[in-house]
Amino acid sequence: GVFAHLEMLEARAHEAAVKQEETEQQEEKLARLKARVQELRLQRDELRAKVDLQQKGQLGKEGVVSDPAQPSARAVLEWKIKSVKAMLQVFYLTGISGKLTKRGVCFCISTAYEGTYLDSYHLDLLTKAEVQIHRHSVPIFIPLEQIAKKYLQTDIRRFLSVLSDHLNAYAGRRYQADQLQGRFSDRIEGTLQRNSLCNLLVFNYNVSSKSKTFPFNARLLYGDLCCSLPTEVTVSCTPDAPASLAEMAAAHSDLFRRVALHKAFCSFSSAEESVD
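Residues numbered from 1 in each chain as written. Predicted model: local features only at pLDDT ≥ 70, side-chain atom pairs only at ≥ 80, totals over all residues. Heavy atoms only, no water.

Colleague: Just checking my understanding: could you explain the pattern of salt bridges for this structure?
Modeller: Pairing of side chains with opposite charge becomes possible as their charged atoms draw close. Scanning the entire structure with this criterion turns up 5 salt bridges. Across the pair D119 and R174 runs a salt bridge whose closest N-O atoms are separated by 2.2 Å. Here R174 lies in helix α4 (residues 156–183) and D119 lies in strand β3 (residues 116–127), a separation of 55 residues in the sequence. Note on D119: relative accessible area 28%, which makes it partly exposed. You can call R174 partly exposed: its relative accessible area is 23%. A salt bridge links D254 to R258, with the shortest nitrogen-to-oxygen separation between them at 3.4 Å. You can see D254 and its partner R258 sitting in helix α5 (residues 243–258), 4 residues apart, about one turn around the helix. When its relative accessible area of 29% is taken as the criterion, D254 is described as partly exposed. (Salt bridge = Lys/Arg side-chain N within 4 Å of Asp/Glu carboxyl O. Helix = DSSP H or I, 4+ residues; strand = E, 2+ residues; numbered from the N terminus. Buried < 20%, exposed > 50% of the residue type's maximum accessible area, 1.4 Å probe, protein only.)

This is how it looks when you write it as structure tokens:
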């Protein structure tokens, strides 16, 4: 009867939400591929520059042959400046911008979710014999030290890319939680519990049908800190609830794994309004 109709509508809403999510993921993938193409072009240009340096280094002053492995200091400096500028241009395409300073480089990592601009974080690097983090505005719960230890000295591009992934995923999780609290406060019972990293969310919400309201409990764990969708979801109802509610809880659990939290609740509301 009513529950069967509700489940059918929720299934349709689920399919629509999943398709929309897949479209957005394809757009994000295309943007990443474009950035990767730019990065490969940069690497190609760097290799060409190295070859040019070696060829130029074979001729010293007045045509004297010099060591090809030891190009002039000026040529090396020009190549480094050109490489850094090209790297900054590539990063700009992925939400990372930067500028040269007297002592190194200052990067700005911008975060966004579903096309909505969120926060920006700054990172001031000193380019000495070893690259050092001079100061930054990265939240304390982001594993900056571990990421730096792994990549900063050997691959600064990878370092910034991984750090950007962490920051964007965190911003996405926080954005979803904020949207849920702001737009669906009438559905949430009590307080939505979340930690600083927003990788664990626990909340109670109501599912309505006709004049009846049924309580659900949800626990979302984001095991991948570079992802804005949960890896583990548990949705449960009261022990004495009818079997149809248990099936609905399982459907909600599946949707939370695939679709942004607030979009899932939008599909719930649409389905219930159709039944009512």
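Colleague: In this structure, what is going on with the packing of aromatic side chains? I would like to understand it.
Modeller: The description of an aromatic ring pair uses the distance of the two centres, along with the angle that the planes make with each other. Evaluation of the coordinates by the stated rule reveals 10 aromatic pairs. Here Y205 and F256 contribute two aromatic rings whose centre-to-centre distance is 6.2 Å and whose plane-to-plane angle is 75°, an arrangement assigned as edge-to-face. You can see Y205 sitting in strand β6 (residues 200–209) and its partner F256 sitting in helix α5, a full 51 residues away along the chain. In terms of burial, Y205 and F256 fall into one category: buried. Judged by centre distance (5.0 Å) and plane angle (65°), the rings of Y205 and F265 are edge-to-face. Of the two residues, Y205 sits in strand β6 while F265 sits in helix α6 (residues 261–275), which places them 60 residues apart along the sequence. With respect to class, Y205 is no different from F265; both count as buried. By way of ring pairs, the aromatic residues F184, F203, Y205, F216, F256 and F265 are connected into one cluster. (Phe/Tyr/Trp six-rings, centres within 6.5 Å; stacked < 30°, edge-to-face > 60°.)

Colleague: Sorry, what's going on with the sheet that holds strand β1 (residues 96–100) here?
Modeller: Strand pairing within a sheet occurs via backbone hydrogen bonds; the two strands may be parallel or antiparallel. On the basis of which strands lie adjacent, the open sheet formed by 4 strands has the order β1-β2-β3-β4 and antiparallel pairing. The strands lining the two open edges of the sheet, one partner per strand, are β1 and β4 (131–136). The sheet shows a mean angle of 25° between the axes of neighbouring strands, direction not considered. Where strand β2 (residues 104–113) lies against β3, 9 bridges are found, and the strand directions are antiparallel. Bridge pairing in β3 places A112 opposite Y117. On the sheet, α4 packs against β1, β2, β3 and β4 and is oriented at approximately 35° with respect to β2. (Pairing = 2+ DSSP bridges. Axes fitted to C-alpha atoms, helices over the stretch in contact; angles between N-to-C directions. Contact = heavy atoms within 4.5 Å.)

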